[in-house]
Amino acid sequence: MKFRQFVFIATLLAAASIAGSGVRPHGPVDAGGDARPPGPPPDAGRSAADEAVDEVVDLNGLTDVEFGDTEEELARRGMLASDVDACGPTLAGHGAVSPIFVDDRLVLLWLDDPVPTAERINVRTPQGIGVGTPVEEVRARYRSVSPLDAPQRTYRLDGLLARSGDRAYLFLHDGRTVRKIIAGYADWARRLFVEGYGPC
């Protein structure tokens, strides 16, 4: 083999090696095939107290609490708790969710900011809307919402009512983000908004 052929073959091998070398991406790859930089590990910079559990409230209620349940039935099943910091009964194991009863029947669930406990529970709708979600996202995820304006010269929040049959979500907001969510029977949600009652 002549020296010139050796150099040519060595050059081809070096070029092939360079073309196939480099670090292969270890993180996610987007649709165009470009690697996105990997984010921090899921638990980076978080303590056990920062862990949050997502729970879903739909238009039937929660996993073990349904609209129409009686107060007596929920108490018998151990679902009602009396918290000294709360103004009324709360739902055991469901974070900052307050039940609203009318004639002994559960008609609404009032979702507030998550209580800072060892295990935070974030309650969201099946569409992913929770306290702190931008208002524009609510409008984007629900096909039809009715805007409700709070009376002038009050400290009450405006609302967006997303109705489905006789049930609805009422999203109370400050114009930018959702501050509170009420789920349950649509007529009672609208009445709560008009009359200005809270969960107490």
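Within helix α4 (residues 186–195), the full set of buried residues consists of Ala186, Ala189, Leu192 and Phe193. Looking down the long axis of α4, one finds its buried residues gathered within 125° of arc, a one-sided arrangement. The outward face of α4, more than 90 degrees from its buried face, is lined by the exposed residues Asp187 and Val194. Structurally, α4 contributes buried residues whose contacts are with β6 (97–102), β7 (105–111), β9 (146–148), β10 (158–164), β11 (167–173) and β12 (178–185). Backbone geometry just after α4 places Gly196 at a positive phi near 75°.

Turning our attention to the packing of aromatic side chains. Per the counting criterion, the structure on display carries four aromatic pairs. In textbook terms, an aromatic cluster arises when at least three aromatic residues are bridged by ring pairs, as seen for Tyr142, Tyr169 and Phe171.

A separate point is the nonpolar core. Of all hydrophobic cores here, the largest spans 40 residues; its most connected members are Leu62, Leu109, Tyr169, Leu170 and Phe171. Mapped onto this core, the elements with two or more residues apiece are β6, β7, α3 (135–141), β10, β11, β12 and α4. Ignoring sequence-local partners within four residues, the contact set of Leu170 consists of Leu148, Gly159, Leu160, Leu161, Lys180, Ile181, Ile182, Ala189, Leu192 and Phe193.

On to the environment of Thr177. In this fold, Thr177 is placed in the loop between β11 and β12. Take Thr177: its relative accessible area is 25%, and that puts it in the partly exposed class. C-alpha of Thr177 to C-alpha of Glu136: the two residues are 41 residues apart in sequence and 8.3 Å apart in space.

Our next topic: the sheet that holds β11. Strand order in the open sheet formed by six strands is β6-β7-β12-β11-β10-β9, and the pairing between neighbours is antiparallel. Strands with a single pairing partner mark the edges of an open sheet, and in this sheet they are β6 and β9. Between one strand axis and the next, the sheet turns through 20° on average, direction left out of account. Pairing geometry for β10 and β11, over seven bridges, is antiparallel. Within β11, the residue paired with Leu161 across the bridge is Leu170.

The rules behind these values
Residues numbered from 1 in each chain as written. Predicted model: local features only at pLDDT ≥ 70, side-chain atom pairs only at ≥ 80, totals over all residues. Heavy atoms only, no water. Buried < 20%, exposed > 50% of the residue type's maximum accessible area, 1.4 Å probe, protein only. Helix = DSSP H or I, 4+ residues; strand = E, 2+ residues; numbered from the N terminus. Arc of directions from axis to C-beta. Contact = heavy atoms within 4.5 Å. Phe/Tyr/Trp six-rings, centres within 6.5 Å; stacked < 30°, edge-to-face > 60°. Core = buried A, V, L, I, M, F, W, Y, C linked by side-chain atoms within 4.5 Å. Pairing = 2+ DSSP bridges. Axes fitted to C-alpha atoms, helices over the stretch in contact; angles between N-to-C directions.

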